[in-house]
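Residue strings, one per chain:
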Amino acid sequence: VIIPTFKRPRSLEALLLSIERNFKGEYQTVVISNFYEEEVASLLKRFPRAAYYFVGIQGVNHARNLGFSVALGEYCYFIDDDCQFEHEVDLNKLQ
C-alpha cells in the first residue's frame, strides 16, 4: 500500500488504522511525505508494517514513484492519506 502524504497526520492515522482493521494477508505499507514531519515519524512507530520515506517538496507524482520503487510486493495499491478502507481486503484472493 503506497500512501503519499503532506501535513495530514490525523487523516493518515485514520487510514493506517483502517488498513490494519481491514487488510487480511501479507502486506507492506509505504508512506512517502513531501515534507518531513516528526509527528508522522512518531506516529508510524505504532505501525510496524509501515515504512516512512521523505521525498522533498516535489509533488505527489514523485512521492508515488518513490513508493513504487521501494515497494517489495507483487501488487501495488495507491491511496491518498485522506481516504480510508471501509471493507475487508483479502489479499490472499489476489493469488
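Structure shown above.
This section reports on the structure supplied with the text. Quick caveat, the model's predicted, so the values are computed rather than measured. The residue numbers shown here count from 1 along each chain, following its written sequence. Given that this is a predicted model, residues contribute local features only at a pLDDT of at least 70 and side-chain atom pairs are listed and counted only at 80 or more, while totals for whole chains, interfaces and linings are drawn from all residues. For the side-chain quantities, the full set of heavy atoms in the structure was used; hydrogens and water were omitted.

### Comments concerning the pairing of strand β4 (residues 50–54)
With 5 bridges connecting them, strand β3 (residues 29–33) and β4 associate as parallel partners. Looking at the pairing, Val31 lines up with Tyr52 of β4. For the handedness criterion, the strands are oriented away from the viewer, and a crossover whose path from the first strand over the helix to the second runs clockwise is classed as right-handed. Secondary structure is summarised from DSSP: a helix means a run of H or I of at least four residues, a strand means a run of E of at least two, and numbering begins at the N terminus for each. In this view, the connection linking β3 to its parallel neighbour β4 by way of helix α2 (residues 38–44) has right-handed handedness. Note: two strands are recorded as paired if DSSP finds a minimum of 2 bridges between them.

### Considerations on the packing of aromatic side chains
Aromatic pairing here means that ring centres of Phe, Tyr or Trp (its six-membered ring) are within 6.5 Å. Orientation follows from the plane angle: under 30 degrees is stacked, over 60 is edge-to-face, and everything else is tilted. Overall, the coordinates contain 6 aromatic pairs when judged by the stated rule. Seen from their ring centres, Phe6 and Phe35 are 6.2 Å apart, and the 75° between their planes marks the pair as edge-to-face. Here Phe35 lies in the loop between β3 and α2 and Phe6 lies in the loop between β1 (2–5) and α1 (9–22), a separation of 29 residues in the sequence. Think of it in three bands: with a 1.4 Å probe and only protein chains considered, a residue is buried below 20% of the maximum accessible area for its type, exposed above 50%, and partly exposed in between. For Phe6, a relative accessible area of 38% puts it in the partly exposed group.

### Quick notes on the side chain of Asp81
The residue Asp81 is located in the loop between α3 (60–70) and β5 (89–90) in this model. A relative accessible area of 1% means that Asp81 is categorised as buried. Counting of polar contacts relies on pairs of N or O atoms within 3.5 Å, with two restrictions inside protein: one atom must be capable of donating a hydrogen and the other of accepting it, and residues adjacent in sequence are counted only when both atoms are side-chain atoms. There is a polar contact of 2.8 Å between the side chain of Asp81 and the side chain of Arg8. What Asp81 contacts, discounting residues up to four positions off in sequence, is Ile3, Pro4, Thr5, Phe6, Arg8, Ser11, Leu12 and Leu15. Any pair of residues with heavy atoms lying within 4.5 Å of one another is described as a contacting pair.

### Points about the nonpolar core
Ranked by size, the top nonpolar core spans 17 residues in total, and within it Ile3, Leu12, Leu16, Ile19 and Phe23 carry the most contacts. For this core, the elements supplying multiple residues, two or more each, are α1 and α2. Counting residues per element, this core draws most heavily on α1, which supplies 4 residues. The residues touching Leu12, leaving out its near neighbours within four places in the chain, are Ile3, Thr5, Val31, Val40, Leu43 and Asp81. We define a nonpolar core as any set of buried Ala, Val, Leu, Ile, Met, Phe, Trp, Tyr and Cys residues linked to one another through side-chain atoms lying within 4.5 Å. Among the nonpolar cores identified, the runner-up in size contains 5 residues, and Ile2, Ile32, Val55 and Ala63 belong to it.

### Structural notes on unusual backbone geometry
The backbone of Lys7 shows a phi angle near 55°, a positive value even though the residue is not glycine. Within the secondary structure, Lys7 is located in the loop between β1 and α1.

### A look at the pattern of salt bridges
Any Lys or Arg side-chain nitrogen located within 4 Å of an Asp or Glu carboxyl oxygen qualifies as a salt bridge. Overall, the coordinates contain 6 salt bridges when judged by the stated rule. Here Asp82 makes a salt bridge to Arg8, at a shortest N to O gap of 3.6 Å. Highlighted residues: Asp82 in the loop between α3 and β5 and Arg8 in the loop between β1 and α1, separated in sequence by 74 residues. Residue classification places Asp82 among the partly exposed positions, given a relative accessible area of 47%. A salt bridge links Asp80 to Arg64, with the shortest nitrogen-to-oxygen separation between them at 3.2 Å. Of the two residues, Asp80 sits in the loop between α3 and β5 while Arg64 sits in helix α3, which places them 16 residues apart along the sequence. Relative accessible area serves as the criterion here: at 31%, Asp80 is assigned to the partly exposed category. The network of salt bridges with common partners includes Arg10, Glu13, Glu39 and Arg46.

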